[in-house]
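Structural overview for review
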Amino acid sequence: MDIAIVTGASSSLGLAISRRLIQLGFRVYGLGGDYKDCPLNNVNFRPMACDLGDPAAVETACRKIVEAEKGVFLVVNNAKYFGQNLFMEMSTPEIERILRINLLCPLVIVRTLAESLKELQGYIIQLGTPYAETSRGGAAGAAASGGLKWMGDLLFHELRQHGVKVCHLSPEPNRGRDVPRKGRPGARPEAVIDPEAVAQAVEQILQSPFGNVVTEMILRPLRVDEPDHDPVREIPYPDPKPIPYTVPREFIEAEEQLEEEEYQKEQQKKRKRRQAKKKAAKPAKSSAPKDKPAKQADEPKATEEAPKSRRRGGRKPRPPKVEVGFMDSKQQKGDDTPPADKAEKDKPARKSTRKKGKSPARKSARKQATKGSVKEDSSQPARKTARKAVKKAARKSTKKAARKRPAKKVARKGEKGKETA
């Protein structure tokens, strides 16, 4: 919650500004004045009665607020004193009091709260007049108002690099005119400055969404005199909303502290439980080998078990690699063969030049048998005898071809026949 200090917050403009700041979520400290008859009664409004004409009292009050709240975000220098006499009839103490309240008090407040405003990048809003002709309090009031305006301009140039925003707000009523007539009850005032309009201007200064700063704002009444009739288009100011009750900050901090203490107690209990479990688990492990010292001496030492293969993510183990290839039956069975036979087996086999189909000897025998027999007699018995002759010639040619084969091939054929048998 942001902290604001408003001087002269007991009535008029200071009271309206304090109400609006509370609605915006500020905690407002009303500095100076008498708050016995103040109508503002809220948890976030804390009056601090002190003499604004005494710089020492103002400085001590500001330091108390900083120590209690650890920082101030907004300062509204609103309090003004103009005296009861004309300037020529004023006494020296009265002139001195005007300068102390209107000019010296804002200087002391800003000097005391400068570090806090820099840290929080806060606001300084000063209420005064832009011209000497419109100032109140004669020459003394004009001197104080002019000094306040030039003080704000210089503070803005000194503190702008630290993020502090300074604005001079000037509500300019109709002065030097006839006394305005009283408006009808319920009508919006148009010839005087409305305090709610000033409070709304403060809200606009604080809620500016851009990175720019409103350094000066002037408010003037719409009319010189109040109108006899209501305007054609009337847009009244919204009624102030009721300020909701909020829990004091001290209660919230106390509740947070209790919650933190309870949390620390729970954490401490959990630590004790863990330590107790660890202590209970340690003697159980150590007692197991003490009970069986004799048995371990008698029993032989067990062989070290092979480490179990870990499964990755529950997957099945990979099958062993198998070498794919063509091997002889003797090598697969593990039979030992002599080196001579191995050399013969390792030699590449000859490619057979014989074509698939019928043998050439069989073809020649068939041609010779068919030439004479078919030409001599074309009857059916002659054909049968020719077929028989062809078959006999084919058998003889196959036997001759088998005899002419080399011995190595015959031997291999015999070995293969044995293996197959």
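Below you will find a few notes about this structure. (Residues numbered from 1 in each chain as written. Predicted model: local features only at pLDDT ≥ 70, side-chain atom pairs only at ≥ 80, totals over all residues. Heavy atoms only, no water.)

1. Quick notes on unusual backbone geometry
Short version of the rule: In this description a helix means any DSSP run of H or I spanning at least four residues, a strand means any run of E spanning at least two, and both kinds are numbered starting from the N terminus. Think of it in three bands: with a 1.4 Å probe and only protein chains considered, a residue is buried below 20% of the maximum accessible area for its type, exposed above 50%, and partly exposed in between.
Positive phi, close to 55 degrees, is recorded for serine 12, a residue that is not glycine. Tracing the chain through its elements places serine 12 in helix α1 (residues 12-23). A positive phi angle is found at lysine 70, which is not glycine, with a value near 65 degrees. Examined against the element boundaries, lysine 70 turns out to sit in the loop between α2 (55-69) and β4 (74-77). For lysine 70, a relative accessible area of 68% puts it in the exposed group.

2. Description of the pattern of salt bridges
For clarity, the cut-off: Definition used for salt bridges: Asp or Glu carboxyl oxygen within 4 Å of a side-chain nitrogen of Lys or Arg.
Counting across every chain of the model gives 14 salt bridges. For glutamate 196, the salt bridge is made with arginine 20, and the minimal N-O distance between the two is 3.3 Å. Here glutamate 196, found in helix α5 (residues 195-206), pairs with arginine 20, found in helix α1; they are 176 residues apart in sequence, far enough to count as distant. Of the residues examined, arginine 20 reaches a relative accessible area of 17% and is grouped as buried. Of the charged contacts, one joins glutamate 250 and arginine 46 as a salt bridge, the two residues approaching to 3.6 Å between their closest N and O atoms. Placement of the pair is glutamate 250 in helix α6 (residues 249-291) and arginine 46 in strand β3 (residues 45-48), with a sequence separation of 204 residues. In this structure glutamate 250 comes out as partly exposed when scored by relative accessible area, which is 41%. Via salt bridges that share partners, Arg27, Arg46, Glu69, Arg249, Glu250 and Glu253 belong to a single interconnected network.

3. Brief notes about the sheet that holds strand β7 (residues 216-219)
Selection criterion: Strand pairing is assigned whenever DSSP detects at least two bridges linking the two strands. Think of each axis as a best-fit line through the C-alpha atoms, taken over the contacting stretch in the case of a helix, with angles from 0 to 180 degrees between the N-to-C directions. Contact definition: two residues touch when any of their heavy atoms are within 4.5 Å.
Taken in spatial order, the 7 strands make up an open sheet running β3-β2-β1-β4-β5-β6-β7, and their pairing is parallel. Where the open sheet ends on each side, the last strands, each with one partner, are β3 and β7. Here the average twist between neighbouring strands, direction ignored, is 15 degrees. Here strand β2 (residues 27-31) pairs with β3 via 4 bridges, running parallel. Bridging from a neighbouring strand, glycine 30 pairs with proline 47 of β3. Helix α4 (residues 138-159) rests against β5 (123-127), β6 (165-171) and β7 of the sheet, and its axis sits at about 165 degrees to β5.

4. Here we look at the packing of aromatic side chains
Aromatic ring pairs: the centre-centre distance and the angle between the two ring planes describe each pair. Here is the rule we go by: Aromatic rings from Phe, Tyr and Trp, with only the six-membered ring used for Trp, were paired whenever their centres fell within 6.5 Å, and each pair was classed as stacked if the ring planes differed by under 30 degrees, edge-to-face if by over 60, and tilted otherwise.
Scanning the model with the defined rule gives 3 aromatic pairs in all. Seen from their ring centres, phenylalanine 73 and tyrosine 123 are 5.8 Å apart, and the 65 degrees between their planes marks the pair as edge-to-face. Here the residue phenylalanine 73 occupies a position in the loop between α2 and β4, and tyrosine 123 occupies one in strand β5, the gap between them amounting to 50 residues. On the basis of relative accessible area, phenylalanine 73 is assigned to the buried category, the value being 16%. Owing to a relative accessible area of 12%, tyrosine 123 belongs among the buried residues under this scheme.

5. As for a nonpolar patch on the surface
The test is simple: The residues that make up patches have over 30% relative accessible area and no salt bridge, and they are joined within 9 Å when like-charged or within 5 Å when they are Val, Leu, Ile, Met, Phe, Trp or Tyr. For every accessible area listed, the method is Shrake-Rupley and the probe measures 1.4 Å; residues are considered covered only by the protein chains on display.
A contiguous nonpolar surface patch, about 450 Å² in accessible area, is contributed by Tyr245, Val247, Phe251 and Ile252. The residue valine 247 is located in the loop between β7 and α6 in this model. By relative accessible area, valine 247 is classed as partly exposed at 47%.

6. Overview of the pairing of β6
Applied cut-off: The definition of a right-handed crossover adopted here requires that, viewed with the strands pointing away, the path from the first strand over the helix to the second runs clockwise.
Burial within β6 is extensive, with 7 of its 7 residues counted as buried. Here β6 shows a buried face lined by Lys165, Cys167, Leu169 and Pro171 and a second buried face lined by Val166, His168 and Ser170. Pairing geometry for β5 and β6, over 5 bridges, is parallel. For isoleucine 124, the partnering residue across the bridge sits in β6 and is valine 166. Between β5 and its parallel partner β6, the chain crosses via α4, and the hand of that crossover is right-handed. In this sheet, β7 lies alongside β6 in parallel orientation, the contact comprising 4 bridges. Within β7, the residue paired with histidine 168 across the bridge is glutamate 216.

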